[in-house]
Amino acid sequence: MATILVVDDELGIRDLLSEILNDEGHTIELAENAAQARAVRAQMRPDLVLLDIWMPDTDGVTLLKEWASSGLLTMPVIMMSGHATIDTAVEATRIGASAFLEKPITLQKLLKAVDQGLNKSAERAAVAMVTTAVSGTSFMSELTVEEAMTGGTLPEPALDIGPLPHQLFNLDGPLREARDEFEKAYFEYHLARESGSMTRVAEKTGLERTHLYRKLKQLGVDLARSKRNAL
């Protein structure tokens with residue numbers, strides 16, 4: 001899950017977005033103006049920012065420009081406004097905003113924009129990681145990506161001995177499928193370690209039990225199998 005910074009001068013908007021995104025399993029940081037947003041950005045690098053355009057001290061477009069010019073625009077930024085013009089939206093996109101949401105924001109549009117922003121960020125990180133690995137090996141051009149990730153040889157088929165702390169994932173498929181594979185393996189691993197205890201897994205992963213159960217069901221995790229593997 002991601003850490004998302006919500007910047008909006010309206011308390012109701014901050015609370016609503018925080019509640020929705022918390023239910024999706026994300027960690028939320030809040031700021032009611034540009035000054036607070038700067039302070040949060042100075043302390044950490046959020047995975048994504050939801051940034052209101054019209055704020056009392058410094059408007060969102062100006063803050064976006066500031067981050068871009070100082071090299072701090074290293075995360076996707078989704079602009080929000082109920083009064084912005086098309087020109088404003090185009091300018092924000094040109095500066096580096098990943099999306100623009102018009103208020104009132106529907107749940108479907110919010111979750112879609114957040115998901116797309118995080119997916120793009122993950123894609124860039126994956127490409128950077130593979131590029132770094134390739135540049136550090138002189139004969140890497142002769143290997144496939146799968147071989148590069150496994151030291152030059154493809155792994156032998158493994159027996160089903162339960163979840164392991166190290167997993168191999170299909171990097172040729174869509175990002176969403178790879179992410180689902182990772183999350184499923186992640187939760188199966190912790191369920192096995194905690195003997196199938198939902199309470200301990202919830203504490204370990206930082207999720208509420210209700211959200212954890214819903215997530216496991218969505219991913220198709222076999223809770224009975226996880227308990228057997230823990231024995």
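Residues numbered from 1 in each chain as written. Predicted model: local features only at pLDDT ≥ 70, side-chain atom pairs only at ≥ 80, totals over all residues. Heavy atoms only, no water.

A. Structural context of the sheet that holds strand β4 (residues 77-81). Across the sheet, five strands lie side by side as β2-β1-β3-β4-β5; this open sheet has parallel pairing. Because the sheet does not close on itself, it has two edges, and the strands there are β2 (27-31) and β5 (99-102). Sheet twist, expressed as the average angle between the axes of neighbouring strands with direction ignored, equals 20°. Of the pairings in the sheet, the one linking strand β1 (residues 3-7) to strand β3 (residues 48-52) comprises four bridges and is parallel in character. Considered in β3, the bridge of isoleucine 4 is made with leucine 48. Strands β1, β2, β3 and β4 of the sheet are contacted by helix α1 (residues 11-23), whose axis makes an angle of about 170° with β2. (Pairing = 2+ DSSP bridges. Helix = DSSP H or I, 4+ residues; strand = E, 2+ residues; numbered from the N terminus. Axes fitted to C-alpha atoms, helices over the stretch in contact; angles between N-to-C directions. Contact = heavy atoms within 4.5 Å.)

B. Just the pattern of salt bridges, in detail. Evaluated as defined, the whole model comprises seven salt bridges. Among the salt bridges present, the one from lysine 103 reaches aspartate 8, with a minimum N-O distance of 2.7 Å. Of the two residues, lysine 103 is situated in the loop between β5 and α5 (107-135) and aspartate 8 in the loop between β1 and α1; the sequence distance between them amounts to 95 residues. As far as the burial class goes, lysine 103 and aspartate 8 line up, both buried. One salt bridge connects glutamate 10 with lysine 103, and the closest N-O pair in it is separated by 3.9 Å. One end of the pair, glutamate 10, is in the loop between β1 and α1; the other, lysine 103, is in the loop between β5 and α5, and 93 residues separate them in sequence. By relative accessible area, glutamate 10 is classed as partly exposed at 41%. (Salt bridge = Lys/Arg side-chain N within 4 Å of Asp/Glu carboxyl O. Buried < 20%, exposed > 50% of the residue type's maximum accessible area, 1.4 Å probe, protein only.)

C. Representation of helix α2 (residues 34-43). All of the buried residues along α2 are Ala34, Ala37, Val40 and Arg41. Buried residues of α2, seen end-on, are gathered within an arc of 120° and therefore sit on one face of the element. Among the exposed residues of α2, those oriented more than 90 degrees off its buried face are Ala42 and Gln43. Buried residues along α2 sit against β1, β2 and α3 (60-69). For α2, the capping residue at the N-terminal end is asparagine 33, with a side-chain oxygen 3.2 Å from the backbone nitrogen of alanine 35. (Arc of directions from axis to C-beta. Polar contact = N/O pair within 3.5 Å; in protein donor to acceptor, adjacent residues only side chain to side chain.)

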